[in-house]
Amino acid sequence: MKLDPRTKMVIAVCISSLAVIYNTPDKLFFLLLLTMLLLLVFRINLKSVWGSLKPFLFMVFSLFFIQCVFIRSGSSLLTIGNVTILTSGGLLQGVGVALRIMILVAVVLLLTTFSSREFILGLTQCKLPYELVFMVSLAIRFLPLFRDEAVNTFTALQLRGVELKKIKWGRKIEIYIHLLLPLIYGVLIKARQMAVSMESRGFRVYPKRTYMKKLILSSLDISVMLLSFSVTLILIVIYIKESF
Amino acid sequence: MKSETKNNAVVIRGLTYQYRINGSIVLKNIEFCIPKGEFTLVTGLSGCGKSTLCLCISGADELMNPDGILTGEVIINGKDIHKINAAERALEVGIVFQNMDTQLFSFTVEDEIAFAPENLCLPPEKIKERVDYLLNLLGIEYLRESHPHRLSGGEKSLVVLAAVLALDPPVVIMDEVMSQLDKKSKMRVIDVIRMLCDMGKTIIAVEHDIKAIESVHHIMVLQDGKLKSFRDLNGEDNTCHI
């Protein structure tokens with residue numbers, strides 16, 4: 001299904017809002033299923049969801065574990081001696097947090113179905129200042145440059161005979177602190193060169209700018225946006241009524 | 001003096017550039033002029049002031065080194081480059097720096113080329129026309145939807161050049177664009193420079209490898225911030241007396 005990036009952003013905002021508001025595993029599980037279904041509709045391979053989730057697995061398990069151990073509500077599920085290790089409330093909270101992270105990762109994948117250019121266009125056409133949107137995208141773009149600079153610096157250090165793996169952590173931190181300054185300096189020089197290059201190509205010479213391409217909302221986009229907003233609003237109202 | 005300014009694309013009068021921070025003088029009383037549509041190669045040892053000269057000619061010196069002190073005049077097509085606004089400056093002179101990665105900030109090649117015309121509020125149809133024209137001119141149509149950072153060094157330099165040419169500046173400066181390119185990519189860039197010269201653009205290129213460029217009109221040698229010589233390929237002095 002070909003939808004405007006703004007429509008997908010609205011869907012993402014709606015699902016994320018519900019994921020933050022809901023705190024019971026059943027509702028969050030339903031939300032995760034719905035997100036997966038949407039990913040299938042937008043032809044995203046579900047294997048890629050697993051691929052994207054992998055780097056977060058440690059965080060998911062850590063949070064799950066912390067919630068299980070530290071939240072003490074409901075009935076006791078596991079007791080060693082006199083100490084209660086696991087409670088039903090803690091387990092439910094742990095599962096809830098894990099599901100929430102999985103939903104957010106899946107939602108991010110939804111945002112990868114359009115290009116960064118469409119992202120900028122979409123937000124600027126929503127009247128967000130171009131400079132702000134461009135800066136955010138530039139910051140994301142700048143991260144690999146920063147990483148490359150760091151990798152180069154550490155490689156240069158190791159080529160001079162410093163075996164970082166064999167050094168104790170205390171000394172290692174000392175070395176990292178020493179390298180931080182040249183690293184930041186190098187990045188700042190790159191940032192300045194980039195700024196000069198942008199300004200020499202007329203960046204911000206006028207308060208407004210034109211765009212070669214323009215996104216156009218179709219009637220399908222508007223319908224999906226309205227549907228997402230209304231369903232989310234209804235679900236939030238129901239949830240609030242249930243809570244009180 | 002007026003006719004000198006009229007016939008020449010670049011006129012430099014008594015250009016001296018000094019860093020306030022340590023007082024070092026990088027350029028010392030430089031004077032020369034380059035006629036419209038000619039190709040000048042700037043060469044010299046490292047630290048002789050080639051890149052600073054490029055920055056001064058493009059007017060980017062104020063942006064790159066806010067603490068620098070510039071005296072003298074840099075006239076591009078009759079306009080003092082330091083007295084015109086940024087939009088006018090962008091239309092008069094384009095500069096390509098050595099590090100390509102810091103000059104690519106869009107997500108597709110097409111967007112990279114469209115960046116400058118969009119900033120100067122050109123109508124969308126005109127921007128598209130210019131992008132298509134430049135992609136064809138530089139033979140990089142096949143890169144249209146590519147991510148600029150995933151290209152080879154030669155391709156990146158062509159993309160940056162196309163992005164700079166998007167505003168159709170009559171003067172184009174290239175600061176060691178070919179220094180990190182392999183022979184094949186270098187030849188490709190040289191072909192493009194030749195083509196630009198044929199189109200009437202004034203090109204100033206900083207390069208160490210003088211042999212690589214045959215179609216040059218002038219060779220300028222800088223030494224310790226001073227203009228050591230400014231000659232054509234026959235060895236004739238081309239410095240115009242302003």
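This is a predicted model, so every value here is computed, not measured.

Procedures and definitions
- Residues numbered from 1 in each chain as written.
- Chains lettered and ligands numbered in written order.
- Predicted model: local features only at pLDDT ≥ 70, side-chain atom pairs only at ≥ 80, totals over all residues.
- Helix = DSSP H or I, 4+ residues; strand = E, 2+ residues; numbered from the N terminus.
- Rg over C-alpha atoms; globule rule 2.2 N^0.38 Å.
- Buried ≥ 20, exposed ≤ 12 C-beta atoms within 10 Å, placed from the backbone.
- Contact = placed C-beta atoms within 7 Å.
- Nonpolar A, V, L, I, M, F, W, Y, C, P; charged D, E, K, R; others polar.
- Right-handed = clockwise from strand over helix to strand, strands pointing away.
- Pairing = 2+ DSSP bridges.
- Axes fitted to C-alpha atoms, helices over the stretch in contact; angles between N-to-C directions.
- pLDDT = per-residue confidence, 0-100.
- Core = buried A, V, L, I, M, F, W, Y, C linked by C-beta atoms within 7 Å.
- Expected span 1.5 Å × (residues − 1).
- Arc of directions from axis to C-beta.
- Parallel < 35°, antiparallel > 145°, perpendicular 65-115°, else oblique.
- Left-handed = near helix turned anticlockwise from the far one by under 90°.

## Considering the overall build of chain B
Check the secondary structure of chain B and you find eight helices and 10 strands. Taking 18 Å as the expected radius of gyration for a compact globule of 242 residues, we find that chain B reaches 17 Å, a close match to that expectation. Each of the three principal axes of chain B carries a C-alpha extent, and together these read 45 × 40 × 35 Å. By residue count, 48% of the 242 residues in chain B fall in the buried class. Considering only intrachain contacts with a sequence separation of at least 6, the fraction spanning at least 24 residues in chain B is 69%.

## Points about the overall build of chain A
Helix and strand counts for chain A come out as nine helices and two strands. In chain A, the order of α-helices and β-strands from amino to carboxyl end is α-α-α-α-β-β-α-α-α-α-α. The C-alpha atoms of chain A give a radius of gyration of 24 Å, which is well past the 18 Å a tight globule of 244 residues would have. Overall, chain A is about 60 × 60 × 35 Å in size when its C-alpha atoms are taken along their principal axes. In chain A, buried positions account for 22% of the 244 residues. When contacts within chain A are restricted to residue pairs at least 6 apart in sequence, those whose partners lie at least 24 apart make up 71%.

## Notes on the interface of chain A and chain B
Size of an interface, as often reported, equals the accessible area lost when the parts are brought together. Counting residues at the interface gives 26 residues for chain A, matched by 32 residues for chain B. For the side of chain A that touches chain B, the elements supplying multiple residues, two or more each, are α6 (116-125), α7 (130-159) and α8 (169-200) of chain A. Taken together, the residues of the side of chain A that touches chain B sort by class into 11 nonpolar, seven polar and eight charged.

## Description of the pairing of strand β7 (residues 171-175) of chain B
In the case of a regular strand, side chains alternate between the two sheet surfaces. Residues and elements named next belong to chain B. Buried residues dominate β7, accounting for five of its five residues. With burial as the criterion, each face of β7 is covered, one bearing Val171, Ile173 and Asp175 and the other bearing Val172 and Met174. Each parallel crossover has a hand, and the one from β7 via helix α8 (residues 183-198) to strand β8 (residues 202-206) is right-handed.

## A look at the environment of B:His82
Relative to the assigned elements, B:His82 resides in the loop between β5 (79-80) and α4 (86-92). Dropping the residues within four chain positions of it, B:His82 is found in contact with B:Gly59, B:Leu70 and B:Val74.

## Overview of the environment of B:Phe105
Within the secondary structure, B:Phe105 is located in the loop between β6 (93-96) and α5 (109-119). Once residues lying within four places of it in the same chain are set aside, the contact partners of B:Phe105 are A:Leu138, A:Arg141, A:Met194 and A:Met198.

## Focus on the sheet that holds strand β1 (residues 8-19) of chain B
Residue and element names in this part refer to chain B. Taken together, the four strands give an open sheet; going across it, the order is β2-β1-β4-β5, and neighbouring strands pair in antiparallel fashion. The sheet is open, and its two edges are formed by β2 (25-35) and β5, each paired on a single side. As paired strands, β1 and strand β4 (residues 68-76) are joined by eight bridges and run antiparallel to one another. In the sheet register, Tyr19 faces β4, and the bridge partner there is Gly68. The sheet strands contacting helix α2 (residues 50-58) are β1, β2 and β4, and the helix crosses β2 at an angle near 60°.

## A look at the confidence of the model for chain B
Residue and element names in this part refer to chain B. Residues of chain B with pLDDT of at least 70 account for 95%, and the chain-wide mean is 88. Within chain B, the lowest mean pLDDT, 62, falls on helix α1 (residues 2-7), and the highest, 95, falls on helix α6 (residues 124-137). Here the predicted complex scores 0.80 on pTM and 0.85 on ipTM.

## Re the nonpolar core
Note that soluble globular proteins tend to have their nonpolar side chains buried in a common cluster. With 83 residues, the main nonpolar core has B:Ala162 and B:Ile173 as its most contacted residues. A total of eight residues in this core trace back to one element, the largest contributor, which is helix α7 (residues 153-165) of chain B. Setting aside chain neighbours within four positions, we find B:Ile173 in contact with B:Cys54, B:Ile57, B:Ser58, B:Val93, B:Ile95, B:Val96 and B:Ile204. Grouped together as the second largest cluster of nonpolar side chains are 23 residues, A:Val10, A:Cys14, A:Tyr22 and A:Val97 included.

## What to know about the sheet that holds strand β9 (residues 218-223) of chain B
All names here are of chain B. The six strands lie next to each other as β6-β7-β8-β3-β9-β10, forming an open sheet whose pairing is mixed. The sheet terminates laterally at β6 and β10 (226-231), the two strands that pair on one side only. Looking at each pair of strands side by side, their axes are set apart by 15° on average, direction ignored.

## Digging into helix α2 (residues 25-41) of chain A
Residue and element names in this part refer to chain A. For α2, built from 17 residues, the straight-helix expectation of 24 Å at 1.5 Å per residue is met to within 8% by its first-to-last C-alpha distance of 24 Å. What α2 keeps buried is the set Leu28, Leu31, Thr35 and Leu38. Projected down its long axis, α2 shows its buried positions confined to an angular sector of 75°, all on one face. The outward face of α2, more than 90 degrees from its buried face, is lined by the exposed residues Asp26, Leu33, Leu37, Leu40 and Val41.

## Describing the packing of α6(A) against α7(A)
All names here are of chain A. Contact geometry for α6 and α7: axes closest at 9 Å, N-to-C directions at 155°. Taken together, the axis directions place α6 and α7 in an arrangement best described as roughly antiparallel. Judged by the sense of rotation from one axis to the other, the crossing of α6 with α7 is right-handed. Taken together, the residues of α7 that come into contact with α6 (itself represented by Ser116, Ile120, Leu123 and Thr124) are Tyr130, Val133, Phe134 and Ser137.

## What to know about the packing of α5(B) against α7(B)
Residues and elements named next belong to chain B. Interhelical geometry of α5 versus α7 gives an angle of 30° and a closest axis separation of 7 Å. On the basis of the axis angle, α5 is roughly parallel to α7. Here α5 runs over α7; the crossing is right-handed. Each of Val109, Glu112, Ile113, Phe115 and Ala116 in α5 lies in contact with α7, whose residues at this interface are Val159, Ala162 and Ala163. Looking at the contact of α5 with α7, its residues break down into seven nonpolar, no polar and one charged.

## Let's talk about the confidence of the model for chain A
Overall, the predicted model of chain A reaches an average pLDDT of 87, with 100% of residues at or above 70. Taking the mean pLDDT of every element in chain A, the minimum, 78, falls on helix α3 (residues 46-53) of chain A and the maximum, 94, on helix α1 (residues 5-21) of chain A.

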